[in-house]
Amino acid sequence: MKSIFVDCCLGISGDMLVSALLDLGVPYSIFLNNLSSLKIDKNYKLKFNQGDSNGFRGIVCIKNESEFKELPRSFNDIKNLLLESSLNDYVKKKSIRVFEILAEAEGIVHGNQITDVHFHELGSICSIVDIVNVCSAIDFLKPDNIYFSSPPAGKGIVSTLHGPLPVPVPTVLEIAKQFKIPLMLLEDEYLGEITTPTGIALIATFVDKVARPDNIIIKKIGIGLGSKNLSRPNFLRVLLIDSDQACKENNVKPAYETIICQEAWIDDSTPEDIAILIERLRAAGAIDVICYSVDMKKNRKGICIKAIIYPKHQTLIREVWFKYSTTIGIRENKISRWILPRRKLCYNTKFGEVNVKQIMRPNAKTSIKIEHDDLTKISLETGISIEEIRQRLFLELSEFLELDDFSN
């Protein structure tokens, strides 16, 4: 599965992302064709040069804008410009969506309808070209998934046509709120905007997940430089990654994970009540539940109950404890474990369908465990001992081809 990860922890703007995508391998001709497709003034020039930012190489976008003065454009003006262009349908649709997100945010910030929004800097030819170029690059790469790191909030005050505004500017904050994009607080001496409205609107348009992907094989890296001269490196990275290959290489290795242990000591419930509580904990998603006798205060005999759970079930199972047991508190700890890759399979055998758990050992050998419930059922139906059935099934199952796709 081919995916891209946009690492924008130092900042993001439209031209930085375009430059990084060019460095990743998107042909320059695609960007040049966009200028003619949009019928941009011939005096407008778009170049990409090798550069460096505090000693780190990358590509920087150089624009030689035409000399005429641009008037503010409405959302409908830009939408019509894109619809009347010769861009393909995907690029038109995505580019319009970016401007729609910007217009909706601007409308909320200024208390206007989307049709009344007029873009100043955001409606310039530069912004239109940047957005169209990013959409064209994504169309060329056709990634299965797009990941973004959390963009930085920035700090300070910037000058705009509306006057001085705090960073992040209101449009950036509104888009971050609407699309639940977490803004990162970056320890930075620079006072100014490092996540632009165009940058965060592009994130909102294309993001599948704001997170750093796990278990990746990096195929290519593209570096786009910002135009601002900061007191630190100013670049954005785009990584072309293959997550499928990483999974295949890792699916024979033990996996490390963090799980939760919830525990309570109870001395005022009957054994029948404890049995029902354990059933409820398992039904709510506990990986396993154990209990054993403990000596509690005043020499009372009590029961220690421990539930091992996945973090995603933590809140739900906590409610089960307090709703269905007499405990007035639980202990909760994060614990770590290593697990071997395994999967559950169903095979048709001479005894009928049996469910099997197949485990991949570190030496790439597999072992199998037949579900005991199935063994019991077959034994009751045939009168054959469980051990004999198990041995017969082992021989029969050994004839099946081992599959490659393991998931933990």
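Residues numbered from 1 in each chain as written. Predicted model: local features only at pLDDT ≥ 70, side-chain atom pairs only at ≥ 80, totals over all residues. Heavy atoms only, no water.

Some details on the overall build of the protein chain
Regarding its fold elements, the protein chain presents twelve helices and 18 strands. On C-alpha atoms alone, the protein chain measures out to a radius of gyration of 30 Å, which is more than a quarter above the 22 Å that the 2.2 N^0.38 rule sets for 408 residues. The C-alpha extent of the protein chain, read off along each of the three principal axes, is 90 × 60 × 45 Å. A burial count over the protein chain gives 45% of its 408 residues as buried. Of the contacts formed within the protein chain by residues at least 6 apart in sequence, a portion of 69% connects residues at least 24 apart. Accessible surface, the protein chain as shown: approximately 22300 Å² in total, 52% of it carbon and sulfur. Distance between charge centres in the protein chain, computed from 51 positive and 52 negative side chains, equals 2 Å. (Helix = DSSP H or I, 4+ residues; strand = E, 2+ residues; numbered from the N terminus. Rg over C-alpha atoms; globule rule 2.2 N^0.38 Å. Buried < 20%, exposed > 50% of the residue type's maximum accessible area, 1.4 Å probe, protein only. Contact = heavy atoms within 4.5 Å. Areas by Shrake-Rupley, 256 points an atom, 1.4 Å probe, with all protein chains shown as cover. Lys, Arg positive; Asp, Glu negative; His and termini not counted. Charge placed at Lys NZ, Arg CZ, Asp CG, Glu CD.)

Side note on unusual backbone geometry
Note the cis peptide between Val-167 and Pro-168, where omega equals 0°. With respect to the helices, strands and loops of the structure, Pro-168 is situated in the loop between strand S8 (163–166) and helix H6 (170–178). Non-glycine residue Lys-180 carries a positive phi angle of around 55°. With respect to the helices and strands, Lys-180 occurs in the loop between H6 and helix H7 (197–206). Classification of Lys-180 by relative accessible area gives exposed; the value is 71%. Of note, Asn-299 is a non-glycine position whose phi angle comes to about 60°, a positive value. Along the chain, Asn-299 turns up in the loop between strand S13 (288–295) and strand S14 (301–309).

Quick look at the packing of aromatic side chains
The full count for this structure, using the stated rule, is four aromatic pairs. Judged by centre distance (5.7 Å) and plane angle (45°), the ring pair of Phe-31 and Phe-48 falls under tilted. Of the two residues, Phe-31 is situated in helix H2 (residues 28–37) and Phe-48 in strand S2 (residues 45–53); the sequence distance between them amounts to 17 residues. Since its relative accessible area comes to 0%, Phe-31 is described here as buried. Here the aromatic cluster, defined as three or more aromatic residues joined through ring pairs, consists of Tyr-28, Phe-31 and Phe-48. The positively charged end of Arg-280 is found above the aromatic ring belonging to Tyr-324, 3.8 Å away from the centroid. Over the ring of Trp-265 we find Arg-331; its NZ or CZ atom is 4.8 Å from the centre of that ring. (Phe/Tyr/Trp six-rings, centres within 6.5 Å; stacked < 30°, edge-to-face > 60°. Lys NZ or Arg CZ within 6 Å of the ring centre and 35° of its normal.)

Quick notes on the nonpolar core
Formed by 65 residues in total, the largest nonpolar core has its most connected members in Leu-21, Phe-31, Phe-99, Leu-236 and Val-238. What Val-238 contacts, discounting residues up to four positions off in sequence, is Ile-4, Phe-5, Val-6, Leu-17, Ala-20, Leu-21, Leu-24, Lys-220, Ile-221 and Gly-222. (Core = buried A, V, L, I, M, F, W, Y, C linked by side-chain atoms within 4.5 Å.)

Description of the sheet that holds strand S12 (residues 255–266)
With antiparallel pairing, four strands are arranged side by side in an open sheet as S13-S14-S12-S15. Both edges of this open sheet fall to S13 and strand S15 (331–339), since each of them pairs with a single strand only. Averaged over all adjacent pairs, the angle separating strand axes in this sheet is 30°, with direction ignored. The sheet contact formed by S12 and S14 spans seven bridges and is antiparallel. Looking at the pairing, Ala-264 lines up with Ile-305 of S14. The strands touched by helix H9 (residues 271–283) within the sheet are S12, S13 and S14, with S14 carrying the most contacts at an inclination of about 10°. Contacts from helix H10 (residues 314–324) reach S12, S14 and S15, with the element oriented near 15° to S12. (Pairing = 2+ DSSP bridges. Axes fitted to C-alpha atoms, helices over the stretch in contact; angles between N-to-C directions.)

Examining helix H11 (residues 372–382)
Asp-374, Leu-375, Ile-378 and Ser-379 are the residues of H11 that are buried. Buried residues of H11, viewed axially, fall in a sector of 135°; they line one side. Residues of H11 that are exposed and point more than 90 degrees away from the buried face comprise Asp-373, Lys-377, Leu-380 and Glu-381. (Arc of directions from axis to C-beta.)

Observations concerning helix H4 (residues 89–110)
Between its first and last C-alpha, H4 extends 31 Å over 22 residues, near the 32 Å set by a 1.5 Å rise per residue. By the burial criterion, the buried members of H4 are Val-91, Lys-92, Ser-95, Ile-96, Val-98, Phe-99, Ile-101, Leu-102, Ala-103, Ala-105, Glu-106 and Gly-107. Elements in contact with the buried residues of H4: helix H3 (75–83), strand S5 (118–119), helix H5 (125–141), H6 and H7. (Expected span 1.5 Å × (residues − 1).)

Focus: the pattern of salt bridges
The full count for this structure, using the stated rule, is 15 salt bridges. Between Glu-263 and Arg-331 there is a salt bridge, with the nearest N and O atoms lying 4.0 Å from each other. Taken together, the positions of Glu-263 in strand S12 and Arg-331 in strand S15 put the pair 68 residues apart, joining distant regions of the chain. The class of Glu-263 is buried, set by a relative accessible area of 11%. (Salt bridge = Lys/Arg side-chain N within 4 Å of Asp/Glu carboxyl O.)

Focus: the side chain of Asp-139
Inspection of the secondary structure assignment puts Asp-139 in helix H5. Among the polar contacts made by the side chain of Asp-139, one reaches the side chain of Asn-88 at a distance of 2.9 Å. Those residues in contact with Asp-139, other than ones at most four positions away along the chain, are Asn-88, Tyr-90 and Val-91. (Polar contact = N/O pair within 3.5 Å; in protein donor to acceptor, adjacent residues only side chain to side chain.)

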